[in-house]
Amino acid sequence: MKDAQFEDYGPTLLSEAVAEERGIIISRETMRQWMIAENRWTPRKAKVHHRQWRERKACYGQMVQMDTSIHDWLEGRGDTVVLIAIIDDATSDLFCRFFPTDSTATNMTLLRDYIRRHGRPRSLYVDKASHFMTSRPATPDEQRAGKQAQTQIQRALEELDIEHITAHSPQAKGRVERLFKTLQDRLVKGMRRAQITTLEQANDYLEKVFLPMWKHRFTCEPREAADAHCSHKGFNLNAIFSRQDVRHVADDYTFSLNGRRFQIQKRSIQAGLRRSKVIIEQRLDGSFRVRWRGRYLRVTPLPEHAAKTKPKPPRPKSDVKPPKTKPGPNHPWRRRKLPLAAAPPATTRK
């Protein structure tokens, strides 16, 4: 087995690859012994774990873990991508996608697509990344509502009635951490053999090849057969998984967004709209909607204002003081009436 493409394979993965590509069945233990004899594999010592083991959840959909792995997934062959994954705690069922970046929008996209396919999980177990937790103080509106400061994803989870659980260490969410170790081995080498070079090819390989294999080989049956996912019917997922900001409506029924002003159309105007607050939904597809009291308003972008003339630069300061000027004869200061002074006493000349 001196083939260069199998140089960094372990015994288990190598025995599977040889069986798949060459039709030769070799047990994992036999392959391991051969690789040890050729100094291609070092036996691993058993690790002593001091952390307490946590039992899996009982039902499918009772809790899912979510995380992102930044890794050289395509080994420099093409696009730079990150992998965002959701794994079910009870069954290890996997749902993942490649994205260009790890951001609020990409995490929202994966959550929305997961819910569309499987339903709403009861709880989501994540780390303290900035997408899921924020350190900013609560806004006045959040304070009046008695809420803590929220990220966009926290708000979406609250609207969907999904419990948000935060892990305080990477070890606490061990299932998804161990998942990425497996994917960085099996998935990377599978895409190498398939000559994947683009984001689209990588996601196509995930959907058609890797995830079906994962479901067949690595998932397990839950202790209870009930599916704990809840239906997403009645929820507008496109609206919930959007960036929502508040804007004030001016007296002329306009508001500003991203440096431009928009006019609310006349047929959308109702009593109480002026000087009130509207919610701007900047959706994942790049569009936006304007919502007020549960209904959507029609708006029109206003033409951009002409560029303002640049202000005149200030005069350079000088140490020479300007000369004092004498008020003219008609200056208001001269016309001001002053009280008459008492006349001096008359004197007689001797």
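Preceding this section is the structure that the text describes.
This report concerns the structure included in the present document. (Residues numbered from 1 in each chain as written. Predicted model: local features only at pLDDT ≥ 70, side-chain atom pairs only at ≥ 80, totals over all residues. Heavy atoms only, no water.)

1. Section: the sheet that holds strand β10 (residues 288-292)
Reading across from one edge, β6-β9-β10-β11 is the order of the 4 strands in this open sheet, with antiparallel pairing throughout. Because the sheet does not close on itself, it has two edges, and the strands there are β6 (243-248) and β11 (295-297). This sheet shows a mean twist of 40° between the axes of neighbouring strands, independent of strand direction. Two elements, strand β9 (residues 277-282) and β10, share 4 bridges in a ladder whose sense is antiparallel. When the sheet's bridge partners are listed, Q282 is paired in β10 with F288. (Pairing = 2+ DSSP bridges. Helix = DSSP H or I, 4+ residues; strand = E, 2+ residues; numbered from the N terminus. Axes fitted to C-alpha atoms, helices over the stretch in contact; angles between N-to-C directions.)

2. As for the pairing of strand β7 (residues 254-257)
Sheet topology note: the β7/strand β8 (residues 260-264) ladder contains 4 bridges and is antiparallel. Residue pairing for β8: F255 is matched across the bridge by F262.

3. Let's talk about the packing of helix α6 (residues 174-193) against helix α7 (residues 199-217)
Helix-helix packing is characterised by the crossing angle of the two axes and by the distance between the axes. The geometry of α6 relative to α7 is characterised by a closest axis approach of 12 Å and an angle of 125° between their N-to-C directions. Relative to α7, α6 is oriented oblique. Crossing handedness for the pair α6 and α7: right-handed. On α7, the residues that touch L179, T182, L183, R186, L187, G190 and M191 of α6 are A202, Y205, L206, F210, W214 and R217. Tallied by class, residues from the contact of α6 with α7 come to 9 nonpolar, 2 polar and 2 charged. (Parallel < 35°, antiparallel > 145°, perpendicular 65-115°, else oblique. Left-handed = near helix turned anticlockwise from the far one by under 90°. Contact = heavy atoms within 4.5 Å. Nonpolar A, V, L, I, M, F, W, Y, C, P; charged D, E, K, R; others polar.)

4. Quick look at unusual backbone geometry
Here E75, not a glycine, exhibits a phi torsion of approximately 50°, which is positive. Of note, E75 is situated in the loop between β1 (64-70) and β2 (82-88). Accessibility expressed as a relative area gives 31% for E75, which makes it partly exposed. The backbone of N258 sits at a positive phi, close to 55°, despite the residue not being glycine. Positionally, N258 belongs in the loop between β7 and β8. (Buried < 20%, exposed > 50% of the residue type's maximum accessible area, 1.4 Å probe, protein only.)

5. Here we look at the environment of R54
Looking at the secondary structure, you find R54 in the loop between α2 (28-37) and β1. You can call R54 partly exposed: its relative accessible area is 33%. For R54 and G174, which are 120 residues apart along the polypeptide, the C-alpha to C-alpha distance reads 9.7 Å. Residues within four places of R54 in sequence aside, it is in contact with M63, Q65, D89 and R175.

6. So, the pattern of salt bridges
According to the stated counting rule, one finds 19 salt bridges in the structure shown. R175 is paired through a salt bridge with D89; the nearest N and O atoms lie 3.2 Å apart. Of this pair, R175 sits in helix α6 while D89 sits in the loop between β2 and β3 (94-99), and the two are 86 residues apart along the sequence. Like D89, R175 is buried. One salt bridge in this structure joins R136 and E142, with 3.0 Å as the shortest N-O distance. Among the ionic contacts, a cluster of salt bridges with common partners joins E75, R77 and R192. (Salt bridge = Lys/Arg side-chain N within 4 Å of Asp/Glu carboxyl O.)

7. Some thoughts on the environment of R77
Positionally, R77 belongs in the loop between β1 and β2. Apart from the residues within four sequence positions on either side, R77 is in contact with M191, R192, Q195, I196 and T197. Among the polar contacts listed, one links the side chain of R77 to the backbone oxygen of M191, at a separation of 3.5 Å. (Polar contact = N/O pair within 3.5 Å; in protein donor to acceptor, adjacent residues only side chain to side chain.)

Keep in mind that these numbers describe shape and distance, not what the molecule does.
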